[in-house]
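Coordinate inspection notes
The lines below spell out each chain.
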Amino acid sequence: MKSHNKLTTASGRPFVENENSQSIGPRGPLLLQDYILHEKMAHFNRERIPERVVHAKGSGAFGTFTVTHDITKYTKAKVFSGIGKETKVLLRFSTVGGEKGSADTERDPRGFAIKFYTEDGNWDLVGNNTPVFFIKDPKKFGDFIHTQKRDPYTNMKSPTMMWDYWSLNPESLHQVLILMSDRGTPYGYRHMNGYGSHTFSMINNANERFYVKFHFKTAQGIKNFTNEEAAQMKAHDMDFSQRDLIENIDAGNFPKWNLKIQVMTEAQANSQEYYFNPFDLTKVWPHADFPLIDVGVLELNQNPHNYFQDIEQAAFAPAHIVNGIGYSPDKMLQGRLLSYPDAHRYRLGANYEQIPVNRCPFATNNYQRDGQMRIDGNGGENPNYYPNSFDDMKIDPAYKEPPLEVQSTIADWYDRNCEGENDHYTQPGNLFKIMTPKQQENTVHNIISAMSGIEGPKKSEIINRQLCHWYRVDGRLGAAVADGLGVDVDMLER
Ligand code: NDP
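Residues numbered from 1 in each chain as written. Predicted model: local features only at pLDDT ≥ 70, side-chain atom pairs only at ≥ 80, totals over all residues. Heavy atoms only, no water.

1. Considering the site of the ligand
Counted only if it meets this: In these notes, residues near a molecule or strand are those with any non-hydrogen atom within 4 Å of it. N or O atoms within 3.5 Å of each other form a polar contact, as long as, within protein, one can give a hydrogen and the other can take it, and as long as residues adjacent in sequence are counted only when both atoms are side-chain atoms. Residue-level accessible areas treat just the shown protein chains as cover; the underlying method is Shrake-Rupley with a 1.4 Å probe. Only DSSP runs of H or I covering at least 4 residues are called helices, and only runs of E covering at least 2 are called strands; the numbering of each starts at the N terminus. Throughout, the edges of the domains are those of an automatic or database domain assignment.
Neighbouring the ligand are 17 residues; His174, Arg183, Asn193, His287 and Gln427 lie closest to it. Asn193 is positioned such that a nitrogen or oxygen atom in its side chain is 2.7 Å from an oxygen atom of the ligand. Here an oxygen atom of the ligand and a backbone polar atom of Gln427 are 2.9 Å apart. Computed on the free molecule, the ligand has an accessible area of 790 Å², of which 78% lies beneath the protein chains in the complex. Sorting the residues of the shell around the ligand by element identifies β7 (209-218) and α11 (426-434) as the ones contributing at least two each. Broken down by element, the shell around the ligand gets its largest block of residues, four residues, from α11. Counting only domains with at least three residues in the shell around the ligand, you end up with domain 2 (58-134 + 169-358) and domain 3 (426-491).

2. Here's the deal with the environment of Arg209
Stated precisely, the cut-off is as follows: For every residue, the accessible area (1.4 Å probe, protein chains only) is compared with the maximum for its type, and the residue is labelled buried under 20%, exposed over 50%, or partly exposed between those bounds. In what follows, residue pairs with any heavy atoms lying within 4.5 Å of each other are defined as contacts.
Structurally, Arg209 is set in strand β7. On the basis of relative accessible area, Arg209 is assigned to the buried category, the value being 7%. With 116 residues separating them in the primary sequence, Arg209 and Ile325 have C-alpha atoms 9.2 Å apart. Apart from the residues within four sequence positions on either side, Arg209 is in contact with Ser201, Met202, Ile203, Glu266, Glu401, Pro402, Pro403 and Leu404. Polar contacts involving the side chain of Arg209 include one to the main-chain carbonyl oxygen of Pro402, which spans 2.6 Å. Separated by 3.4 Å, the side chain of Arg209 and the backbone oxygen of Pro403 make a polar contact.

3. Comments concerning helix α2 (residues 141-148)
Note the following rule: Directions pointing from the helix axis toward each C-beta atom define the arc.
Within the span of α2, buried status applies to Phe144, Ile145, Thr147 and Gln148. Take α2 and look down its axis: the buried residues cluster within an arc of 155°, on one side only.

4. Examining the pattern of salt bridges
Side-chain pairs of opposite charge can arise where the charged atoms are in close proximity. Counted only if it meets this: Criterion for a salt bridge: a side-chain nitrogen of Lys or Arg within 4 Å of a carboxyl oxygen of Asp or Glu.
Applying the stated criterion to the full structure yields 27 salt bridges. Note that Arg190 is salt-bridged to Asp244, the shortest N-O span being 2.7 Å. Residue Arg190 is located in the loop between α4 (173-180) and β5 (194-195), and its partner Asp244 is located in helix α6 (residues 240-250); the two are separated by 54 residues in the primary sequence. The pair Arg190 / Asp244 is uniform in exposure class, with both members buried. One salt bridge in this structure joins Arg465 and Glu461, with 3.2 Å as the shortest N-O distance. Of this pair, Arg465 and Glu461 both sit in helix α13 (residues 459-473), separated by four residues, roughly a single helical turn. Residue classification places Arg465 among the partly exposed residues on the basis of a relative accessible area of 21%. Beyond isolated ion pairs, a larger network of salt bridges with shared partners links Arg52, Lys100, Glu312 and Arg347.

5. Structural notes on the pairing of strand β1 (residues 58-67)
For the record, the criterion: At least two bridges found by DSSP between two strands is the condition for calling them paired.
Counting buried residues along β1, nine of its 10 residues qualify, which places the element largely inside the surrounding structure. Pairing of β1 with strand β2 (residues 86-95), which is carried by nine bridges, proceeds in the antiparallel orientation. Note on β2: the bridge partner recorded for Ser59 is Phe93. In this sheet, strand β9 (residues 293-302) lies alongside β1 in antiparallel orientation, the contact comprising six bridges. Paired with Val67 across the bridge in β9 is Gly296.

6. Brief notes about the pairing of strand β6 (residues 200-203)
With burial as the criterion, each face of β6 is covered, one bearing Phe200 and Met202 and the other bearing Ser201 and Ile203. Two strands pair when backbone bridges link them, and β6 and β7 are joined in this way by four bridges, in the antiparallel orientation. Looking at the pairing, Phe200 lines up with Val212 of β7. When β6 meets strand β10 (residues 325-326), the two strands line up antiparallel, connected through two bridges. Each bridged residue has a counterpart across the sheet, and for Ser201 the counterpart in β10 is Gly326.

7. Considering the domain arrangement of the protein chain
Which entries qualify depends on this criterion: Buried area adds together the accessible area that both of two parts lose upon being put together, with accessible area traced by a 1.4 Å probe.
Its domain assignment divides the protein chain into domain 1 (1-47), domain 2 (58-134 + 169-358) and domain 3 (426-491). Distance between the C-alpha centres of domain 2 and domain 3: 29 Å. Each partner contributes to the interface: domain 2 provides 18 residues, whereas domain 3 provides 18 residues. The junction of domain 2 with domain 3 conceals about 1,400 Å² of combined surface from both sides, 65% of it contributed by carbon and sulfur atoms. Considering only the side of domain 2, the residues that lose the most area to domain 3 are Leu173, Leu177 and Met180, jointly responsible for 44% of the buried surface there. Between the two partners, domain 2 and domain 3, sit zero salt bridges. There are five residue pairs in polar contact (both at pLDDT 80 or more) connecting domain 2 and domain 3.

As structure tokens, this is what we get:
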């Protein structure tokens, strides 16, 4: 709220004339000394910050995470320290491939990024509404995202680029199938699940490590648009998800998600006997082998008062963990540990964590100093180097993580000899099999609709290559897509 109702410059000087520029005579020209005019125009020119390269269109709200079940045998993280424990959170949802003004109902994964403001620092869990991802190595990320953005020549989205890339990278199949299912066009943000997606670790008071997956199940129930409904909504309301979220929270209809985890022991992860790599982001951990364990409830109950301040400037990074939560060898996670803070330093500056929505509400203490927009006192007169003889900074060994045992050789690894590593088909096949006949029908319809956009001299090559993958996922799926695209299957090289 405004503290007074006087009109002032940014430096606080009250002024009177906000609409008429100073001019020589009533018809001008204007005077260089009209600083009010300069300030208004110059600040306006600087209103936009770079939009996120991915996840540019987003919505978000504040809320509360409450622990309902004890998981202290797995983690000493304070956020999980006891039943009934409450922690303030910020949750930002987003689409991925579109620009800031794009439609909310596009077929796309949805971002599901949470910031927990815990006493041991801010913990960011930066996931999606899908448990897997298109690629398993971060070296591929830029190439992959280019295919989801605009073609460099036409400056238009290109199904040809997308399917060319996907068909050449069959590890994408699992995520592509989820994207083409009904869940590729969720009915806003309230009716979808969220997943931490990566494998993370938890460390308990005995300094034992466990590997975990995080699942946020919507309490509103899964609800999706069909392909046609999503397209209609795009024409009717580009901001459907933003409107749905803000209106429901304003009306006191607070959305909730139930947090559950899957847990794998370090010994299980290291045994090499399991048929897939537990750190491979293109695979899920089957529930039958790793059952879901209840943890708590996340409720969104407060819309931000200013979108730019709290949502556009929100900066989430999987690197931001807290005591009791750790990383894992997941290669995509390792890549994101670097790329997310790097993106924020570019978009918001080196001191992005001092912007109020990103700031840890509890004390932070280190020897980082200066940089653009340093606004937190900059350490005052305290020493700016370590070690020193003047302050009483203490290193507490209780925060040390247990060592992680690794036995391997350094190389640009892709383990082609590992059967599980190359199995891009079993888990998408399992997914197709658990779909109802109607969900299967919709998925086939959506794939045909999306692949119909492939064009140009490589059209047949790309379609045939992708059809072979669909066949390997499920024979009926491959046949139905081939039929819908009018491809003579006898001509396919399998
Ligand atoms: P389960 O039957 O135990 O679990 C199936 C899971 O699939 C449920 O979590 C369900 O979520 C989810 N699901 C159902 N329909 C869809 C859909 N159209 N798109 C995406 N997810 C859907 O079997 P498994 O654990 O063995 O997994 C079988 C397949 O289910 C996997 O290969 C994977 O594709 C998919 N899946 C698995 C998850 C896991 O962590 N194991 C998580 C999500 C998907 P809900 O309960 O919310 O309906």
